[in-house]
Amino acid sequence: MARIVLQRLLVSMIRFAAAGIALIVLIEFAFCVIGGSDLHVWKPDSYGPVPPELSPRPVSWAGLLEDRVRVSLPVVVLCIPGILLIGYSWGLLGARLRRFRGARLLASPFSLFACVPGFWFVGLVAIYSYFHWRRPGFANDLVVERGPDLLTWWHAAIVALPALAAGAAWQIRAVSDVLEKEVTRPYLRGLFMAGYSEEDIFYRNAFRRALPQLFAISGSTLSSVAGSLVCLEYAFRYPGIGSLLVESVKLGSYGGILLSALALAAALSLAVLIGEVAVKLIRPEGVGG
Amino acid sequence: MNRRNSRILRGLARFFVRLWQMRRVLLLVVPYLLLLGWLFVGGGRMDVRPAELYGIPEEPAWESPDAEHWFGTTGNGADLFELSRLAMATSVSVAVVSVSFGIALALLLSMLFVFDPGERRFKLVRIVGQTGFLVPSMVVLVILTGGTGGSLGVAILGLILVIAFHLCPVLADWFQEGESGFDVVAGYVLGLSRREIVMNRILPKILRRLVGVFAGYVPVVVLVEMTLSFLGLTGDRLSCGAMIAYGQGLIIEAPWMSIYPGLMATFVVFVLALLGWRVSAALRTGPLPRLF
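Residues numbered from 1 in each chain as written. Chains lettered and ligands numbered in written order. Predicted model: local features only at pLDDT ≥ 70, side-chain atom pairs only at ≥ 80, totals over all residues.

Visitor: Help me get a handle on the overall build of chain B, residues and values and all.
Guide: Along the backbone of chain B there are 11 helices and zero strands. Written out in order from the N terminus, the α and β elements of chain B read α-α-α-α-α-α-α-α-α-α-α. In terms of overall size, chain B is more extended than a compact globule, its C-alpha atoms giving a radius of gyration of 24 Å where 292 residues would be expected to give roughly 19 Å. For chain B, the spread of C-alpha atoms along the principal axes amounts to about 80 × 70 × 25 Å. Looking at the 292 residues of chain B, the share that counts as buried comes to 41%. (Helix = DSSP H or I, 4+ residues; strand = E, 2+ residues; numbered from the N terminus. Rg over C-alpha atoms; globule rule 2.2 N^0.38 Å. Buried ≥ 20, exposed ≤ 12 C-beta atoms within 10 Å, placed from the backbone.)

The following block contains the structure:
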């Protein structure tokens, strides 16, 4: 097991380094080659201290990252487990009810919600909050100074909800597609002919053999969720890691761009690493690839 | 006389039979034409700038939604419903252009590997795909468009690259799946060259599925384009994203200016998503008449 973990960790680090290099090239290309900026990304002078627009108090880059990650954490805590829980359980149920097009039915409320532009939804919440509850609507308008800070979780939930809907819709369909593909394999017909019950065939054979693929599909879902959080946080004026990226891009601050993009890449890298280790450990005998 | 009548009747009957045979295609094409026709009527006014429209004059002439102006009006009295429609037309145009070129680029890149007979010919595509997922597409688009100061051309370029990047591994999988078909194996046994098999057996099936991919990608790209314009990264162009962003500055005075463009955007994206889902489902499962 240690060998597998170390091996995947090495691969993950190489991938992360490649993603970092790709980011540096992208920033140089966007800002210097097309944008015509004189500040090159590899020069230390291009970074400097944290601009005051990115933080109300003087902090170092590490302190800024820590602050923003701490603010984004509740969103991630609400969003990612929600997507995985709904995606896997409803996807499994959808594949089980494939005769009644279960996956489509179960994913439809989330797909419908995913058609709503997330930045508009969070703006609507802010407007509703202002006119009906008579309090500032956006996340940066009010700070709780005394008592339990429920407002933080409310703001995190507003940001997490559109991302969760889109991610869950995608995950349900992806999980169900993998399982539906698995149950069309010829060996299952053989099991059916041999007298196995439908539950036995689905849960003990098809599901178990599809587990590696099921773990592998969450990487792309998490990547798209991270992308949607970038604009949702900015739209709701939620000072997390996503809005740090947009604010840094607008200010042309390479430090903020690299810090936020690499933080997102590191989080995704960790998620992919966990998924890959799990795939290696649970791969049933006889499943190739 | 009788013969002439019967010929007309026969022609009519053939016409209706053909229509009936094409019912599934028409059910998909007609709503698309209606939606696009409705969006693009009056496209000559697409050069309007949201910064001018949402500027507050000394005596604002805005009106809240009523029977005459369903979505209300802007500060200078422009009808918000018409503006939202034109904005969606811009977003759909951007999406159609980006997805078309993105799919073409992805196909071109996949074709660089597909003629190689080696077992691991798509390995490079897969490795790049797995690494690329670590940097979300939205991050790439924000950096690319933001670094250049925000322009629609760069946004389209970014969208094309991102679509091609995501589609390449999918196409690689489809090419490999296609090669395991019985007809392909039979082609190899009969001595057909790899080029003949790829061009005549595998590629037509993939091209057919790409129509569904196109229909499925368009609503997603419309949403992404609106998001970029909301962030102010596509220049001063009319888009529902930009309208919502400008409208948020007037939440107290004229809240409808940020509410109703979003409603229009949701409606158009929903219809496009529904149609896209139907097109891809039809192309994946059932046979369609030759017209398609």
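Visitor: Account for the overall build of chain A, with residues named and values stated.
Guide: From N to C terminus, chain A includes 10 helices and zero strands. Its helices and strands in sequence order give chain A the pattern α-α-α-α-α-α-α-α-α-α, from N to C terminus. Its C-alpha atoms give chain A principal-axis dimensions of roughly 70 × 50 × 40 Å. Taking all 289 residues of chain A together, 43% fall into the buried category. Excluding contacts between residues fewer than 6 apart, the proportion of contacts in chain A whose partners are at least 24 apart in sequence is 74%. (Contact = placed C-beta atoms within 7 Å.)

Visitor: Describe the environment of Val-218 of chain B, with residues and values.
Guide: Relative to the helices and strands, Val-218 of chain B resides in helix 9 (residues 194–230). Each C-alpha atom of the pair Val-218 of chain B and Leu-109 of chain B lies 21 Å from the other, and the pair is 109 residues apart in sequence.

Visitor: With reference to specific residues and values, describe helix 9 (residues 241–251) of chain A.
Guide: Working note: α-helix, 3.6 residues per turn, so residues spaced by three or four point in the same direction. Summarising burial for helix 9 of chain A: nine of the 11 residues are buried, a large majority. Of the positions making up helix 9 of chain A, those classed as buried are Ile-241, Gly-242, Ser-243, Leu-244, Leu-245, Val-246, Glu-247, Ser-248 and Val-249 of chain A. Where the residues of helix 9 of chain A are buried, they touch helix 2 (61–96), helix 8 (218–235) and helix 10 (254–282) of chain A together with helix 6 (137–147) of chain B. Phi turns positive one or two residues past the end of helix 9 of chain A, at Gly-252 of chain A, with a value near 70°.

Visitor: Let's hear about the interface of chain B and chain A: which residues, and what values?
Guide: Residue-level contacts link 35 residues of chain B with 42 residues of chain A. The set of elements that each furnish at least two residues to the side of chain B that touches chain A consists of helix 5 (123–132), helix 6, helix 9 and helix 11 (256–285) of chain B. With nine residues, the single largest contributor to the side of chain B that touches chain A is helix 6 of chain B. Taken together, the residues that form the side of chain B that touches chain A break down as 23 nonpolar, 12 polar and no charged. (Nonpolar A, V, L, I, M, F, W, Y, C, P; charged D, E, K, R; others polar.)

Visitor: Mind laying out unusual backbone geometry, listing which residues take part and the relevant values?
Guide: Positive phi outside glycine occurs at Arg-237 of chain A, with the angle close to 55°. Tracing the backbone through its elements, the reader meets Arg-237 of chain A in the loop between helix 8 and helix 9.

Visitor: Could you give an account of the environment of Trp-62 of chain B, naming the residues involved and the relevant values?
Guide: Residue and element names in this part refer to chain B. Secondary-structure assignment places Trp-62 in the loop between helix 3 (50–53) and helix 4 (80–114). Residues Trp-62 and Met-138, 76 residues apart in the sequence, show an inter-C-alpha distance of 35 Å. Here Trp-62 is in contact with Gly-72, Thr-73, Thr-74, Gly-75 and Ala-254, once residues within four sequence places are set aside.

Visitor: Tell me about the environment of Thr-148 of chain B, residues and numbers included.
Guide: Checked against the element boundaries, Thr-148 of chain B lands in the loop between helix 6 and helix 7 (152–179). With 85 residues separating them along the chain, Thr-148 of chain B and Leu-233 of chain B place their C-alpha atoms 8.8 Å apart. Ignoring anything within four residues of it in the chain, the contact list for Thr-148 of chain B reads Ala-30, Ile-34 and Gly-35 of chain A together with Val-154 of chain B.

Visitor: Any details on the packing of helix 4 of chain B against helix 9 of chain B? Residues and values, ideally.
Guide: Residue and element names in this part refer to chain B. Following both chains from N to C, one finds helix 4 and helix 9 inclined at 145°, their axes separated by 8 Å at the closest point. Where helix 4 crosses over helix 9, the two elements pack in a sense that is right-handed. Within the contact between the two elements, helix 4 uses Ser-91, Val-92, Val-94, Ala-95, Val-96, Ser-98, Val-99, Ile-103 and Val-114 and helix 9 uses Val-198, Leu-210, Val-213, Phe-214, Tyr-217, Val-218, Val-221, Val-222, Glu-225 and Met-226. The class makeup of the residues in the contact of helix 4 with helix 9 is 16 nonpolar, two polar and one charged. (Axes fitted to C-alpha atoms, helices over the stretch in contact; angles between N-to-C directions. Left-handed = near helix turned anticlockwise from the far one by under 90°.)

Visitor: Tell me about the nonpolar core, and name the residues and values.
Guide: By size, the foremost hydrophobic cluster in this structure holds 162 residues, and its most contacted members are Val-159 of chain A together with Val-139, Val-142, Ile-143 and Ile-163 of chain B. Sorting elements by how many residues they give to this core places helix 5 (residues 150–182) of chain A first, with 17 residues. Contact partners of Ile-143 of chain B, with chain neighbours within four places excluded, come to Leu-26, Ile-27, Ala-30, Val-249 and Ile-257 of chain A. (Core = buried A, V, L, I, M, F, W, Y, C linked by C-beta atoms within 7 Å.)

Visitor: Can you lay out the packing of helix 4 of chain B against helix 7 of chain B for me, pointing to particular residues and giving the numbers?
Guide: Residues and elements named next belong to chain B. Relative to each other, helix 4 and helix 7 sit at 40°, their axes nearing to 7 Å. Of the possible angle classes, the one that applies to helix 4 and helix 7 is oblique. Here helix 4 and helix 7 pass one another in a crossing that is right-handed. Of the residues contributing to the contact of helix 4 with helix 7, the split by class is 22 nonpolar, three polar and no charged. (Parallel < 35°, antiparallel > 145°, perpendicular 65-115°, else oblique.)

Visitor: Can you explain the confidence of the model for chain B? Please cite residues and give values.
Guide: All names here are of chain B. For chain B, the average pLDDT comes to 85, and 93% of its residues sit at 70 or higher. When mean pLDDT is compared element by element in chain B, helix 6 scores highest at 94, while helix 3 scores lowest at 76. Low confidence marks residues 286–292, where pLDDT is under 50. Its contacts with residues over four positions away, or in another chain, come to nine contacts. (pLDDT = per-residue confidence, 0-100.)

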